[in-house]
Amino acid sequence: MRTTSMMLAVLCGMVAMTAGVATVYTPKIDPKKKTAVILANGKMKAEYKQYFSFLEKSLDVEYLNGDKKLVLKAYEEYHYENVIVFGNPSGKLGADFIDFVDSGRNVMIVATDEGSKATDFLTDELRVAAVDCGVEFTTNIVKDNFADSPTVLKADNFVKSAPIVGSKPLSAVTFKGVGLKVEIDNPLVTPILSAGKTAYVLEEETFGTVYGGNVALVAGLQSRIGSRAVFSGSLSMFSDKLFAQNGEFVKRITLWATQQHGILRYSDIEAVKLEDGQEVRDGEMFRIKAHIRFSLTIEEFDGEKGEWVPFVTPKDDPVQLEYTMIDPYVRADLTQKGTKHTTDLQAPDVYGIFKFVVDYRRTGYNPLVIHHQSPVRPLRLNEYERFIVAAYPYYLGTFSAMAGFILITFVFLAQGN
């Protein structure tokens, strides 16, 4: 048993040498990401001038005609970080949008809101790309017979996610266009804006009807690697005529779609031993039952300011830390103190190769997954208690035997004389 403990202690020491360097994760943030905007026709730049001016402030925008083939990469190098398809292109783009998203880049597809059949709103090529992302464009426009105009909706059913729509209340969005059907069992897809209870879409081609909150007007996908795809059923929602009403909302979803909002990074991971409330830095291998203070820095990228700012967690939804060896032995909430997120915990009475785990996944944010190794060793020979209370009966038995031996010896010698 003693030999096994010594061997494990040596192994823990070897692991600790590799665990002493804190991991730093920083997503790729370009000052101005190159963005391709595919226009259905050349007149659109005048009709959507305010929205395009907003794009050009934070992105390197290149406008392309929708009647030509879109070349996303050459020699395994991508030309763009973002692609925005604005309206229904007249030609076949021939681009693999799924591969583009899988590479960590972003796509935004906006359907035209005028037409009489499905392909008038959006081409089959783009519809298939949306279906691959868990979103299906309807074949007809959304209607609400209780509205002032059946085809013009006032929608205010926003997703409850600060990185996507902001923390401040938004005014109702004026919407005219086709709806979206979102895969309910797909955890990566989120309806960003949904229709009201009285809205509906009559699917003439499939002889079906989609009602109320099941009709999404804008939806978003965030992949497991953090890339994003946003789909909107209305082009007029972005127009200059409605920009006074819809401007804040379309800005928000664009910033999120192009990874300028909802991006988290971490740094300065540190685990130190606590002795009498004081931090003691002597490596990151702890003995069993040691008191530990764990801390790290989490920051969020602000695309409007172009800088990293401290990430503020909601009071009712803090970041959680787990101290695991296969299974969690300790689970605790991290408390925010300035830019630091910290907590105090006690190592379990089990030695082995442990690790600190943070797995923070929230709607609108990129996944924040951290694994930081920190082994736990058994007590050294000089760290055990010298006199253990539970061993007092054995101490008493030992001294009783010694006293009895001395007494018997004395009696035996006395009788001999």
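What comes next is a walk through the structure. (Residues numbered from 1 in each chain as written. Predicted model: local features only at pLDDT ≥ 70, side-chain atom pairs only at ≥ 80, totals over all residues. Heavy atoms only, no water.)

**Brief notes about empty space enclosed by the protein**
For step 1, the next point in the chain: Taken as a whole and assessed by the stated rule, the structure comprises one cavity of 30 Å³ or more.
For step 2, the next point in the chain: Estimated volume of the largest cavity: approximately 40 Å³.
For step 3, the next point in the chain: Along the walls of the largest cavity sit Phe97, Ile98, Val101, Val107, Ile109, Ala129, Ala130, Cys133, Ala229 and Phe231, which together make up its complete lining.
For step 4, the next point in the chain: Those elements giving two or more residues to the lining of the largest cavity turn out to be helix H4 (97-102), strand E6 (106-110), helix H6 (124-132) and strand E16 (228-232).
For step 5, the next point in the chain: When residues in the lining of the largest cavity are grouped by element, the largest group, three residues, is from H4.
For step 6, the next point in the chain: Residue classes in the lining of the largest cavity are distributed as 10 nonpolar, no polar and no charged. (1 Å grid on protein atoms, 1.4 Å probe; cavity = no way out; pocket = protein on both sides within 12 Å on 5 of 7 lines; lining within 4 Å. Points joined across faces, edges and corners; volume = space filled by probe spheres on them. Helix = DSSP H or I, 4+ residues; strand = E, 2+ residues; numbered from the N terminus. Nonpolar A, V, L, I, M, F, W, Y, C, P; charged D, E, K, R; others polar.)

**Some words on the layout of surface pockets**
For step 1, the next point in the chain: Taken as a whole, the largest pocket holds about 640 Å³ of empty space.
For step 2, the next point in the chain: Ala162, Pro163, Ser167, Glu300 and Tyr365 are the residues nearest the centre of the largest pocket, which is lined by 28 residues in total.
For step 3, the next point in the chain: Looking at the lining of the largest pocket, the elements that each hand over two or more residues are helix H7 (162-165), helix H8 (243-257), strand E20 (291-302) and strand E21 (307-310).
For step 4, the next point in the chain: Of the residues in the lining of the largest pocket, the class split is 13 nonpolar, six polar and nine charged.

**Quick look at the pairing of strand E25 (residues 340-346)**
For step 1, the next point in the chain: As paired elements, E20 and E25 share seven bridges and run antiparallel to each other. From the neighbouring strand, His291 faces E25, where its bridge partner is Gln346.
For step 2, the next point in the chain: Direction of pairing for strand E24 (residues 335-337) relative to E25: antiparallel, over a ladder of three bridges. Bridge pairing links Thr335 to Thr342 in E25. (Pairing = 2+ DSSP bridges.)

**Section: the sheet that holds strand E27 (residues 368-373)**
For step 1, the next point in the chain: With respect to topology, four strands assemble into an open sheet ordered E23-E22-E26-E27, the strand pairing being antiparallel. For this open sheet the edge positions go to strand E23 (327-333) and E27, each flanked by a neighbour on one side alone. Ignoring strand direction, the axes of neighbouring strands in this sheet form an average angle of 20 degrees.
For step 2, the next point in the chain: Direction of pairing for strand E26 (residues 355-360) relative to E27: antiparallel, over a ladder of six bridges. Note on E27: the bridge partner recorded for Val358 is Ile370. (Axes fitted to C-alpha atoms, helices over the stretch in contact; angles between N-to-C directions.)

**Focus on the side chain of Glu300**
For step 1, the next point in the chain: Inspection of the secondary structure puts Glu300 in strand E20.
For step 2, the next point in the chain: It is Arg252 that comes nearest to the buried, bridge-free Glu300 among opposite-charge side chains, at 7.7 Å.
For step 3, the next point in the chain: With residues up to four places along the chain from it excluded, the contact list for Glu300 reads Gly262, Ile263, Leu264, Glu307, Trp308, Val309, Pro310, Phe311 and Tyr365. (Buried < 20%, exposed > 50% of the residue type's maximum accessible area, 1.4 Å probe, protein only. Lys, Arg positive; Asp, Glu negative; His and termini not counted. Salt bridge = Lys/Arg side-chain N within 4 Å of Asp/Glu carboxyl O. Contact = heavy atoms within 4.5 Å.)

By themselves, these observations are geometric and do not establish any function.
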